[in-house]
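# Reading the structure
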Amino acid sequence: MNSVVIIPDRLEAILRQHLFQNPVEQGAFLFAEVRETAGQLILEIAEMYLVPPDGWSVQSEDYLEMKDTERAKIMKRARDGGFGVIDCHSHPRATDDVCFSLSDRRGIEEFAAYARWKLDGKPYVATAWGASSVDAVLWHGEFTQPNPLGEIRVTGDRT
């Protein structure tokens, strides 16, 4: 199944500004309306939440750990809105192709299990953003394993 995240350019600009505001990793969550058509899963961004500095129990140049209260607040918003969730974090020092670190993979797998429980079957996408690329995986359906996200499409005046 082809999967696509659609984000308006104005939200993508705000997201990038937040993620790359300094050399410390940052995080944000996008809330998506979910549509499934024959062979395609579409996650269209409706809202976003930029995690503030006090939302982290650990925040450094190469590691993030979110507070439980922040995680609960994010999942409540997603559940109340019937949204799928796109988890975004930055790798500010990545210059070429960005990829998930080993600690990212462990944290994402834990969060995916939590998301499966909280999102009532809605998809969960994890992303790592570098200056010129994005790594992304999608959990959907039974959440048995992640699948590559097909595309992130920025819409609006910019391409």
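Everything below is about the structure shown above.
Values in this document were obtained by computation on a predicted structure and should not be read as measured data.

## Comments concerning the overall build of the protein chain
Counting secondary structure elements, the protein chain contains 3 helices and 10 strands. Listed by position from the N terminus, the elements making up the protein chain come as β-α-β-β-β-β-α-β-α-β-β-β-β. In terms of overall size, the protein chain behaves like a compact globule, its C-alpha atoms giving a radius of gyration of 14 Å where 159 residues would be expected to give roughly 15 Å. When its C-alpha atoms are laid out on the principal axes, the protein chain stretches across 40 × 35 × 25 Å. Put simply, the protein chain shows about 8,400 Å² of open surface, and 48% of that area lies on carbon and sulfur atoms. Here the protein chain contributes 17 positive and 25 negative side-chain charges, whose respective centroids are spaced 5 Å apart.

## Details of the side chain of glutamate 25
Its place among the elements puts glutamate 25 in the loop between helix H1 (9-19) and strand E2 (27-37). We note that glutamate 25 is buried and unpaired, the nearest opposite charge coming from arginine 93 at a distance of 6.7 Å. When residues no more than four places from it in sequence are discounted, the contact partners of glutamate 25 are Gln59, Ser60, Glu61, Asp62, Tyr63, Leu64, His89, Ser90, His91 and Pro92.

## Observations regarding the pairing of strand E8 (residues 134-139)
Judged from the 6 bridges that link them, strand E7 (residues 124-129) and E8 form a sheet pairing that is antiparallel. Bridging from a neighbouring strand, valine 125 pairs with leucine 138 of E8. The hairpin turn running from E7 into E8, its antiparallel successor, is 4 residues long. Across 2 bridges, the pairing between E8 and strand E9 (residues 147-148) is antiparallel. In the sheet register, leucine 138 faces E9, and the bridge partner there is asparagine 147.

## Considering the pairing of strand E6 (residues 84-90)
On a regular strand, each side chain points to the face opposite its neighbour's, so the side chains alternate between the two faces of the sheet. Most of E6 is tucked away: 7 of the 7 residues are buried. Neither face of E6 is left uncovered, since the one carrying Gly84, Ile86, Cys88 and Ser90 and the one carrying Val85, Asp87 and His89 both have all their residues buried. Pairing of E2 with E6 involves 6 bridges; the strand directions are antiparallel. Bridge pairing in E6 links alanine 28 to cysteine 88.

The rules behind each value
Residues numbered from 1 in each chain as written. Predicted model: local features only at pLDDT ≥ 70, side-chain atom pairs only at ≥ 80, totals over all residues. Heavy atoms only, no water. Helix = DSSP H or I, 4+ residues; strand = E, 2+ residues; numbered from the N terminus. Rg over C-alpha atoms; globule rule 2.2 N^0.38 Å. Areas by Shrake-Rupley, 256 points an atom, 1.4 Å probe, with all protein chains shown as cover. Lys, Arg positive; Asp, Glu negative; His and termini not counted. Charge placed at Lys NZ, Arg CZ, Asp CG, Glu CD. Buried < 20%, exposed > 50% of the residue type's maximum accessible area, 1.4 Å probe, protein only. Salt bridge = Lys/Arg side-chain N within 4 Å of Asp/Glu carboxyl O. Contact = heavy atoms within 4.5 Å. Pairing = 2+ DSSP bridges.

Honestly, it's all geometry; don't read function into it.
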